[in-house]
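# Overview (structure and organization)
Each chain is listed here by its residues.
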Amino acid sequence: MSCSAGSSHASIPSHKPRRSRRSRGCWDTLDTDSQSLSALGHFQTLPLEIFHMVLKYLSGTRRLLLQDFHNLELPGRREGASILEHYKSLGLLLKRCTLLLPTRDRLKYVHKVLSEVSCFKLSGCASPLHCLGLKCYGVFLQILTAGWDELECHRVFNFLWELSSLARKVQTVVSSRAGSARKLELRIRLYCRRVLLNHWIHRSDSAFWLTRILKPWPIVNQARLLYIIFGPVSSLDGHVVWQKMIEGPTDESSLKGLAEAIKLLYDTEAREWTADDVISLVDELSVVPQEWLMENNARLLLLSGNNICFTFMASKAVNGRAVELARLVVFMALVCEKDLYCMDWVVKMMQKVCRVFSTPWERNNFLQCLENTFAHMLMDMLQAVLAGGHDEEDNTFLNLFHLVNAQANFHKEILFLAMRSSPNTT
């Protein structure tokens, strides 16, 4: 599938005209110089189609299906580089050999060739975290389908969806208690990322495949599935950590995958998603599996970029949710202080949101809520510190320290802004 490259920063007021998925020119060509066919030996001098005809007269064509998915590569080599290149070459071979077949027949033929490789299946490998099988399958499919139009790619997804029984398995994990099917959650995560999402060059292609995964489901299940695929996982066993956003403040690395996925869907190339769709998804995500700490909500929005952040905040302003908006701004200031972002970003974002309010009273009420939130949070933290009895890992005093500094730096930026706009200053 060939798509134009999407911008990494979404634009709210306008959308770019969508370019054809055939925009890169010839729809089924690749530079064979860049796709080394060294695995074919002296036969690489033959046209690939003729080489495939030769294979039909030989026993053991399965020798093309390297399966050293669990062997360590030679020192100095990128992990799995050799076998990944082999499956890129194999993808090119089968792409050209099935050139004249209808899409359904091409897929059936490819499946017949690859069906003996258990590590290409969603539940086929006993050690999926340490297996290169799904990655190889993913790069193979990327080469095979490069240049195919959108209708053909829909057929590819539907074929894989049915072949792997993804619908039934996703239904199980999104309707079960979070973490009750940990092994299945892990397998779905690995299959979606390594086979369907990770190998595309253009953002529009990634958006297309992520949309195919999410769109069949109601928004509640979309949020749950998004967390399974992109949420934080344990460094020990790779399983999804469901309580990460609930039990305490988390770091950027735990939220980066979710933020990138949200930006991808908000991108103008993801034409099946409106801004309201994405904001509703972010809202729903913040209660998966239970309500997140507000600090984690704020950190996710900061990582998601200016456009998504503003749209989310403006939605609260328009809907009269001034108290929620005020708390969000305070926690954004706290995150900026902790993570060393520029505090003037929060002030400028707040100033932009203030223009959304339809009356001066609504704006002033929001500003009053903002100051009340700062005061209440400071008092609550101070009381917790004075109460004492905290163990060595309790960060109550450190959080109070950060909040005091956040408030000071936030108001400092407001004073700078006011002084710069004053007609009497030089």
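Residues numbered from 1 in each chain as written. Predicted model: local features only at pLDDT ≥ 70, side-chain atom pairs only at ≥ 80, totals over all residues. Heavy atoms only, no water.

### Regarding the overall build of the chain
On a plain count of helices and strands, the chain comes out with 18 helices and zero strands. Within the span of the chain, comprising 426 residues, buried residues form 47% of the whole. Contacts in the chain between residues at least 24 apart in sequence constitute 71% of all its contacts with a sequence separation of at least 6. Per element, the accessible surface of the chain, about 22,000 Å² overall, is 54% carbon and sulfur. (Helix = DSSP H or I, 4+ residues; strand = E, 2+ residues; numbered from the N terminus. Buried < 20%, exposed > 50% of the residue type's maximum accessible area, 1.4 Å probe, protein only. Contact = heavy atoms within 4.5 Å. Areas by Shrake-Rupley, 256 points an atom, 1.4 Å probe, with all protein chains shown as cover.)

### Details of the pattern of salt bridges
Summed over the entire model, instances satisfying the criterion amount to twelve salt bridges. Where Lys88 meets Glu85, a salt bridge forms, and the shortest distance between an N and an O atom there is 3.5 Å. Taken as a pair, Lys88 and Glu85 lie in helix H2 (residues 81-97) at a separation of three residues, close to a single helical turn. In this structure Lys88 comes out as partly exposed when scored by relative accessible area, which is 24%. By relative accessible area, Glu85 is classed as partly exposed at 28%. When the shortest N-O distance is used, the salt bridge between Lys348 and Asp344 registers 3.5 Å. (Salt bridge = Lys/Arg side-chain N within 4 Å of Asp/Glu carboxyl O.)

### Focus on the nonpolar core
Judged by nonpolar contacts, the single largest core of 126 residues is most densely connected at Phe69, Tyr87 and Phe410. At twelve residues, helix H15 (residues 322-339) tops the list of elements feeding residues into this core. Beyond its immediate sequence surroundings of up to four residues, Tyr87 is in contact with Leu65, Leu66, Phe69, Phe120, Cys136, Val139 and Phe140. (Core = buried A, V, L, I, M, F, W, Y, C linked by side-chain atoms within 4.5 Å.)

### Some remarks on the environment of Pro232
Along the chain, Pro232 falls in the loop between helix H9 (219-230) and helix H10 (244-247). Spatially, the C-alpha atoms of Pro232 and Gln243 are 9.6 Å apart, while their sequence positions differ by eleven residues.

### Regarding the packing of H2 against helix H4 (residues 133-145)
Taken N-terminus to C-terminus, the directions of H2 and H4 make an angle of 35°; their axes are 8 Å apart at the nearest point. Every pair of crossing elements has a handedness; the one defined by H2 and H4 is right-handed. Contacts between H2 and H4 involve Ile83, Leu84, Tyr87, Lys88, Leu90, Gly91, Leu92, Leu94 and Lys95 from the former and Lys135, Cys136, Val139, Phe140, Ile143, Leu144 and Thr145 from the latter. Taken together, the residues of the contact of H2 with H4 break down into eleven nonpolar, two polar and three charged. (Axes fitted to C-alpha atoms, helices over the stretch in contact; angles between N-to-C directions. Left-handed = near helix turned anticlockwise from the far one by under 90°. Nonpolar A, V, L, I, M, F, W, Y, C, P; charged D, E, K, R; others polar.)

### Some remarks on helix H18 (residues 396-421)
Taking 1.5 Å of rise per residue, 26 residues should cover 38 Å, and H18 covers 38 Å from first to last C-alpha, within 8% of that figure. Contact partners of the buried residues in H18: H15, helix H16 (343-354) and helix H17 (360-387). (Expected span 1.5 Å × (residues − 1).)

### What to know about the confidence of the model for the chain
Residues of the chain with pLDDT of at least 70 account for 80%, and the chain-wide mean is 85. Note on residues 2-38: pLDDT is under 50 here. Beyond four places in sequence and across chains, it has 82 contacts. (pLDDT = per-residue confidence, 0-100.)

### Details of the packing of aromatic side chains
Scanning the entire structure with this criterion turns up 13 aromatic pairs. Centroid distance Tyr227 to Trp242: 4.9 Å. Interplanar angle 15°. Geometry classified as stacked. With Tyr227 in helix H9 and Trp242 in the loop between H9 and H10, this residue pair connects regions lying 15 residues apart in the sequence. Accessibility classification places Tyr227 together with Trp242 in one group, the buried group. Centroid distance Phe374 to Phe410: 5.6 Å. Interplanar angle 45°. Geometry classified as tilted. Remark: Phe410 occurs in helix H18 and Phe374 occurs in helix H17; sequence separation between them is 36 residues. Grouping aromatic residues by their ring pairs yields a cluster made of Phe157, Trp161, Trp200, Phe208, Trp209 and Trp217. Above the ring of Phe208, the side-chain terminus of Arg212 is found at 4.9 Å from the ring centroid. (Phe/Tyr/Trp six-rings, centres within 6.5 Å; stacked < 30°, edge-to-face > 60°. Lys NZ or Arg CZ within 6 Å of the ring centre and 35° of its normal.)

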